[in-house]
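# Summary of the model geometry
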Amino acid sequence: MHKDSREAAEAAITQGRRVYVSNLPFSTSDEWVRTSFSAVESIHWIAAKGSGFRGSGFLTFASAEAATEAVSWSGSEVGGRPITVELALGTAPLEQSCVFVRNLPAEQWSLEAVRRIFEACGPPAAIRLPKKGKAAIRFKTAAAAAAAAARDGEEIGGRKVRVLLTSALADPEAEAEEARANAAEEEKAAAVALALAEGSNSASSSAAASEDESEDESQHAQHAAGGGAGAGGSDPAAPAAAPDPSSLQ
């Protein structure tokens, strides 16, 4: 992954060649990005402290036209997730300039209403309404996002609203739940692989033991057969019996 210098990133933003992409699957690779988008010059993934790549980052393109084409992908599903692709407005990680709002009353759940409620904190750059009663807002500055987050717990339309600083335009609790689910799936897969490996080793050991037992039984049967011939039958290896002297008279 090649990361632009701050100066190069700012120049790309001014020229309209840099985009911000979010909600990608956590398995997304540089190779996938370069194969899916045209003329990608550099990729800068945003890693959350303690949890690594969270599905978002900046892409710089060779031209404004290529960046615009990438923006047209916004809303498309990748790995079952609708991604967001927008022209970048700054070089700071956007998780510092976004909030996620929960528990909005129905009459306040619209783009116009959300903008009106939070525009005093700073003009929103983008608003998403993912589910009823929820809104994701990206501001142009981290200070505006912090001002919006300070309204956490405020009563709006008779309901106590939650306002949380978050990464990109996403629900932090949903992201955390997804991360936990992914970790659980990985642990489950590792446990299954271990069980299969142990089962294979156990089967091999059982087969070897069975072969040993069969060989022992075969040898035992041969010994038993030899003993029977000496007791009641003719054993070609045994010496001939001496004649009875009385039979010679």
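Provided above is the structure to which this section pertains.
The following refers to the structure shown. (Residues numbered from 1 in each chain as written. Predicted model: local features only at pLDDT ≥ 70, side-chain atom pairs only at ≥ 80, totals over all residues. Heavy atoms only, no water.)

### A closer look at the overall build of the protein
How we decide: The numbering of helices and of strands both runs from the N terminus, where a helix is a DSSP run of H or I of at least 4 residues and a strand a run of E of at least 2. In what follows, residue pairs with any heavy atoms lying within 4.5 Å of each other are defined as contacts. For the accessible areas, the method is Shrake-Rupley and the probe is 1.4 Å, while residue cover comes only from the protein chains on display.
A tally of helices and strands in the protein yields 6 helices and 12 strands. Of the contacts made within the protein by residues no fewer than 6 positions apart, 63% connect residues no fewer than 24 positions apart. Element-wise, carbon and sulfur atoms account for 53% of the exposed surface of the protein, whose accessible area totals about 14600 Å².

### Brief notes about the sheet that holds strand S8 (residues 124-128)
Short version of the rule: Two strands qualify as a pair provided DSSP detects at least 2 bridges between them. To get an axis, a line is fitted to the C-alpha atoms, and for a helix only the part in contact is used. The angle between two axes follows their N-to-C directions and goes from 0 to 180 degrees.
Taken together, 4 strands build an open sheet; the order of strands is S8-S9-S7-S12 and the sheet is antiparallel. What marks the edges here is a single partner per strand, and that holds for S8 and strand S12 (162-165). Within the sheet, the average angular offset between the axes of one strand and its neighbour, ignoring direction, is 20 degrees. Along the sheet, helix H5 (residues 142-149) contacts strand S7 (98-102), strand S9 (135-139) and S12; its crossing angle with S12, the most-contacted strand, is approximately 150 degrees.

### Here's the deal with the pattern of salt bridges
Going by this rule: One side-chain nitrogen of Lys or Arg within 4 Å of one carboxyl oxygen of Asp or Glu is enough to make a salt bridge. Each residue gets one of three labels from its accessible area relative to the maximum for its type: buried under 20%, exposed over 50%, partly exposed in between, using a 1.4 Å probe on protein chains only.
Per the stated rule, a full pass over the model turns up 5 salt bridges. Here glutamate 86 makes a salt bridge to arginine 138, at a shortest N to O gap of 2.8 Å. Highlighted residues: glutamate 86 in strand S6 (residues 84-87) and arginine 138 in strand S9, separated in sequence by 52 residues. Residue glutamate 86 is classed as buried on the basis of its relative accessible area of 12%. Given a relative accessible area of 3%, arginine 138 falls into the buried group.

### Some remarks on the pairing of strand S1 (residues 18-22)
Of all 5 residues in S1, 5 are buried, a share of seventy percent or more. Along S1, one buried face is formed by Arg18, Tyr20 and Ser22 and the opposite face, lined by Val19 and Val21, is buried too. Pairing of S1 with S6, which is carried by 4 bridges, proceeds in the antiparallel orientation. Each residue of the ladder has a partner; that of valine 21, found in S6, is valine 85.

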